[in-house]
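# Fold and contact review
Chain by chain, the residues run as shown.
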Amino acid sequence: MDEAPSPETAEMPPLLNRPGFARLLPVLGLGRLVFRGVPAAEARLGAALGLALPAINRMVHRGERGEPGARALMRFGPDELLLLLPRGELESAIAAISQACAAEPHILVDVSDRHLGFVLEGPAVAAILHSGCPLDLDPRAFPVGMATRSLFHKAEILLWRIAPMLFRIETGRSFAPYLVAQIGAGARDLG
Amino acid sequence: MLLIRCPFCRMERPELEFRHAGAAHRLRPADPAAVSDRDWGEFLHDRDNIRGITAERWHHVHGCGRFFNALRDTVSDVFLATYEPGAPRPDVPGAGQ
Ligand SMILES: [Zn+2]
């Protein structure tokens, strides 16, 4: 489940770059949709996306980030799903989902601009995240495919693990400078 | 760090993700206008402040976002049980009630 940098992020300078330690990259060009609905609506969403519905605090995905048709679906609450997809496919996805779920009670909200997202990768990622996140990030407690809301210091985050040494982290747009600064401080403290 | 089992996430999560949300099992009167001032005041404000096992609402605010109920020992701060709202208060060995 290696996640190659998308064309957008490849043009951005990394926010943190220490080879063999950790790298922090912004993720651009993502569309984000929140979906909440009755189980029948969820079933239609899954069928429309061609994705299995994830269990709570888990993610499922198809394709690689940035690729046309790539989708990631995560469940952050019992009935709270977040769909990530290429930004250019937002409109067609909203139309397709709305049509597929029209007969069942649901909400579908475009929250693409609510969060900023980052890739954090490298051997030191878990140690850096432990500097501000109270979760146990041992792979037995936080395996690949886990996706959850939590905290990094004072900022609420969404965190998911794509590979043993590759996390994605998102936070509210206005918290992003704070999050980046705190991740940088955590990295410095590790030497 | 204190770990609290969220009945919706079905896993133990760090205390920092949670917020206390008052006493559990207090039913709001169906028709508040029909309740006497004294009973309404009791509903709003009177709490037992138990030394020992107490039933509380907790909110997994920085997690799944759900409210749930918990039995907690106010002396030791041990959580004896967590359960979904609407479920009866569980029998816990040693909990007295
Ligand atoms: Zn929870």
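Residues numbered from 1 in each chain as written. Chains lettered and ligands numbered in written order. Predicted model: local features only at pLDDT ≥ 70, side-chain atom pairs only at ≥ 80, totals over all residues. Heavy atoms only, no water.

## Concerning the overall build of chain B
Note the threshold: Secondary structure elements follow DSSP: runs of H or I of four or more residues count as helices, runs of E of two or more count as strands, with numbering from the N terminus. Only protein chains enter the area calculation, which uses a 1.4 Å probe; residues under 20% of their type maximum are buried, those over 50% are exposed, and those in between are partly exposed. What makes two residues a contact is simply this: any of their non-hydrogen atoms within 4.5 Å. The method behind every accessible area is Shrake-Rupley, applied with a 1.4 Å probe, and residues are considered shielded solely by the protein chains displayed.
What chain B contains, in helices and strands, is 1 helix and 6 strands. The linear arrangement of helices and strands in chain B, starting from the amino end, is β-β-β-α-β-β-β. Its C-alpha atoms give chain B principal-axis dimensions of about 45 × 30 × 20 Å. Expressed as a percentage of its 97 residues, the buried residues of chain B come to 36%. A sequence separation of at least 24 residues applies to 42% of the contacts in chain B between residues at least 6 apart. Here chain B has roughly 6100 Å² of accessible surface; of this, 49% comes from carbon and sulfur atoms.

## Some points on the coordination of the zinc ion
Residues and elements named next belong to chain B. The criterion, for reference: With water excluded from the atoms, a metal site may look incomplete; its donors are any N, O or S atoms within 2.8 Å, or within 3.2 Å for Na, K and Ca. Square planar and octahedral assignments, for four and six donors respectively, both demand that opposite donors be over 155 degrees apart and that all other angles lie between 65 and 115; tetrahedral needs four donors with all angles between 85 and 135 degrees, and anything else is irregular.
Distances from the zinc ion to its protein donors, namely Cys6 (SG), Cys9 (SG), His60 (ND1) and Cys64 (SG), fall within the range 2.0 to 2.4 Å. Around the zinc ion sit 4 donor atoms, and with donor-metal-donor angles ranging over 105 to 115 degrees the site reads as tetrahedral. Here the donor residues of the zinc ion share one chain and are spaced in sequence as C-x2-C-x50-H-x3-C. You can see Cys6 sitting in strand E1 (residues 3-6) and its partner His60 sitting in the loop between strand E4 (53-59) and strand E5 (67-73), a full 54 residues away along the chain. Per residue, the accessibility class of Cys6 equals that of His60, and both read buried.

## Some words on the sheet that holds strand E2 (residues 22-27) of chain A
Residue and element names in this part refer to chain A. Quick note on the threshold: We treat two strands as partners when DSSP finds at least two bridges between them. Angles shown run from 0 to 180 degrees and are taken between the N-to-C directions of axes, each axis being a line fitted to C-alpha atoms and, for helices, limited to the stretch in contact.
Pairing is antiparallel across the open sheet formed by 6 strands, whose spatial order is E1-E2-E8-E11-E10-E9. Each edge of the sheet is formed by a strand with only one pairing partner; in this case those strands are strand E1 (16-18) and strand E9 (147-152). Within the sheet, the average angular offset between the axes of one strand and its neighbour, ignoring direction, is 30 degrees. Here 6 bridges tie E9 to strand E10 (residues 155-163), and the two strands are oriented antiparallel to one another. In the sheet register, Ala147 faces E10, and the bridge partner there is Trp160.

## Points about unusual backbone geometry
Within the chain, His153 of chain A stands out as a residue other than glycine whose phi angle is a positive 50 degrees. You can see His153 of chain A is positioned in the loop between E9 and E10. What makes His153 of chain A partly exposed here is its relative accessible area of 34%. We note that Asn49 of chain B has phi near 50 degrees; this positive angle belongs to a residue other than glycine. One can find Asn49 of chain B in the loop between helix H1 (37-45) and E4.

## Side note on the sheet that holds strand E6 (residues 79-83) of chain B
All names here are of chain B. In spatial order, the strands read E3-E4-E5-E6; together these 4 strands make up an open sheet with antiparallel pairing. The sheet terminates laterally at strand E3 (19-23) and E6, the two strands that pair on one side only. The average angle at which neighbouring strand axes cross in this sheet is 35 degrees, direction not considered. Relative to E5, E4 is paired through 7 bridges, and the arrangement is antiparallel. For Thr54, the partnering residue across the bridge sits in E5 and is Arg72.

## Some points on the interface of chain B and chain A
By a frequent convention, interface size equals the accessible area lost on bringing the separate parts together. For clarity, the threshold we go by: Summed over both partners, buried area is the accessible surface (1.4 Å probe) that two parts give up on being assembled. Salt bridges are counted wherever a side-chain nitrogen of Lys or Arg sits within 4 Å of a carboxyl oxygen of Asp or Glu. Identification of polar contacts relies on pairs of N or O atoms within 3.5 Å, with a donor-acceptor requirement for protein atoms, meaning one able to donate a hydrogen and the other able to accept it, and with residues adjacent in sequence counted only if both atoms are side-chain atoms.
Counting from both sides, the interface comprises 15 residues of chain B and, opposite them, 16 residues of chain A. Buried area between chain B and chain A, summed over both chains or domains, comes out near 1100 Å², and the portion from carbon and sulfur atoms is 57%. Summed over the three residues of chain B that lose the most area to chain A, namely Arg13, His62 and Arg66 of chain B, the buried surface amounts to 36% of that side. Applying the counting criterion to the chain B and chain A interface returns 1 salt bridge. A salt bridge links Arg66 of chain B to Asp79 of chain A; the nearest nitrogen and oxygen atoms lie 3.2 Å apart. For the pair chain B and chain A, the interface holds 7 residue pairs in polar contact (both at pLDDT 80 or more).

## Re the confidence of the model for chain B
Residue and element names in this part refer to chain B. Note the cut-off: A score from 0 to 100, pLDDT tells how confident the predictor is in each residue.
For chain B, the average pLDDT comes to 93, and 95% of its residues sit at 70 or higher. For chain B, H1 is the element with the lowest average pLDDT, namely 94, and E1 is the one with the highest, namely 98. Confidence estimates for the predicted assembly give a pTM of 0.91 and an ipTM of 0.89.

## Let's talk about the packing of aromatic side chains
Under the convention used in this document: Any two rings among Phe, Tyr and Trp, with Trp reduced to its six-membered ring, count as a pair given centres within 6.5 Å; such a pair is stacked if its planes are under 30 degrees apart, edge-to-face if over 60, and tilted if neither. Over a ring means this: the NZ of a Lys or the CZ of an Arg is within 6 Å of the ring centre and within 35 degrees of the ring normal.
Evaluated as defined, the whole model comprises 4 aromatic pairs over all chains. On the basis of an interplanar angle of 55 degrees and a centroid distance of 5.8 Å, the ring pair of Phe142 of chain A and Phe167 of chain A is categorised as tilted. Residue Phe142 of chain A is found in the loop between helix H4 (125-130) and E9, and its partner Phe167 of chain A is found in strand E11 (residues 166-172); the two are separated by 25 residues along the sequence. Measuring from ring centre to ring centre gives 5.2 Å for Trp40 of chain B and Phe43 of chain B, while their planes differ by 35 degrees; the resulting arrangement is tilted. A residue pair is termed a helical-turn pair when its members lie 3 or 4 positions apart in one helix, as Trp40 of chain B and Phe43 of chain B do in helix H1 at 3 residues. Trp40 of chain B gets classed as partly exposed once you look at its relative accessible area, which sits at 24%. Among the residues examined, Phe43 of chain B registers a relative accessible area of 16% and is labelled buried. The aromatic ring of Phe21 of chain A is capped on one face by Arg18 of chain A, whose charged end is 3.9 Å from the ring centroid.

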